[in-house]
Structures are given as structure tokens and as C-alpha cells.
Amino acid sequence: DAVSAAGPLGDPERMEGSMTIQGGALRTYPFDPQVDSVQVLLRTDGRPLNARLELLQGPNNNKQVIELYTEDGLDRPFY
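Residues numbered from 1 in each chain as written. Predicted model: local features only at pLDDT ≥ 70, side-chain atom pairs only at ≥ 80, totals over all residues. Heavy atoms only, no water.

Our focus in this paragraph is the overall build of the protein. From N to C terminus, the protein includes zero helices and two strands. In the protein, which comprises 79 residues, the proportion classed as buried is 14%. Sequence-distant contacts, at least 24 apart, represent 48% of the contacts inside the protein between residues at least 6 apart. By element, 48% of the accessible surface of the protein is carried by carbon and sulfur atoms, the whole surface being about 7000 Å². (Helix = DSSP H or I, 4+ residues; strand = E, 2+ residues; numbered from the N terminus. Buried < 20%, exposed > 50% of the residue type's maximum accessible area, 1.4 Å probe, protein only. Contact = heavy atoms within 4.5 Å. Areas by Shrake-Rupley, 256 points an atom, 1.4 Å probe, with all protein chains shown as cover.)

When pLDDT is averaged across the protein, the result is 76; 78% of the residues are at 70 or more. Predicted confidence is poor over residues 1–9, with pLDDT under 50, and the contacts of this stretch with residues over four places away or in other chains come to nine contacts. (pLDDT = per-residue confidence, 0-100.)

Here the focus is the side chain of Thr70. With respect to the helices and strands, Thr70 occurs in strand S2 (residues 64–70). On the accessibility criterion, Thr70 (11% relative accessible area) is buried. There is a polar contact of 3.5 Å between the side chain of Thr70 and the side chain of Arg76. In contact with Thr70, not counting residues within four places along its chain, are Pro48, Leu49 and Arg76. (Polar contact = N/O pair within 3.5 Å; in protein donor to acceptor, adjacent residues only side chain to side chain.)

According to the stated counting rule, one finds four salt bridges in the structure shown. Where Arg47 meets Asp45, a salt bridge forms, and the shortest distance between an N and an O atom there is 3.1 Å. Just as Arg47 is exposed, Asp45 falls in that class too. Put simply, Arg52, Glu54, Lys63 and Glu67 are held in one network by salt bridges that share partners. (Salt bridge = Lys/Arg side-chain N within 4 Å of Asp/Glu carboxyl O.)

Looking at the element boundaries, Leu68 is found in strand S2. A C-alpha to C-alpha distance of 8.3 Å links Leu68 and Leu53, two positions 15 residues apart in sequence. In this structure, Leu68 is in contact with Leu42, Leu49, Asn50, Ala51 and Phe78, ignoring residues within four places of it in sequence.

Relative to the assigned elements, Asp72 resides in the segment after S2. For the buried Asp72, no salt bridge is present, and the opposite-charge side chain at shortest range is Arg76, 5.4 Å distant. At a separation of 2.9 Å, a polar atom in the side chain of Asp72 contacts the main-chain amide nitrogen of Leu74. Ignoring any residue separated from it by four or fewer positions in sequence, one finds Asp72 in contact with Thr44, Gly46, Arg47 and Pro48. (Lys, Arg positive; Asp, Glu negative; His and termini not counted.)

Dropping the structure here:
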């Protein structure tokens, strides 16, 4: 499988299904147990980005947690 410079799913700027999530909000997205990987793009309009991302697959598995901070979520988004 070829992987483009923009990543395996292509240009993140053109991804469908993107949405705005603002401060203090909690969102959950279920995915099937057969899923091997997920991709997440977090960015802002130039303001600081402070987020906690938790991935949990199945009731008996440990969750994967990423806590991140960047001064400028436009110049340095998380992907």
C-alpha cells in the first residue's frame, strides 16, 4: 500500500466528518473491535490546544491516553 506525504488517509484538510469541539466538551465515537488503527487530527485557529485523547477498544483492554498541549494549534496541530 502506498502512503502519501499527507498520511495514509490523504490530505487531512479534505477529510470528511470533521467537527468543531470546544473547551470542556466530551465526545465519544464507537468503533468495531476489528479496527486495527485510527487517525485523529486536532487543531485550532491559532490558539493554544490542550487536549486529552483516550482510546478504548473493548471492555477488557487498557485504554490508551494521550495528553497534549501546543501553544499554536494551527502551526503545530496534532495528527
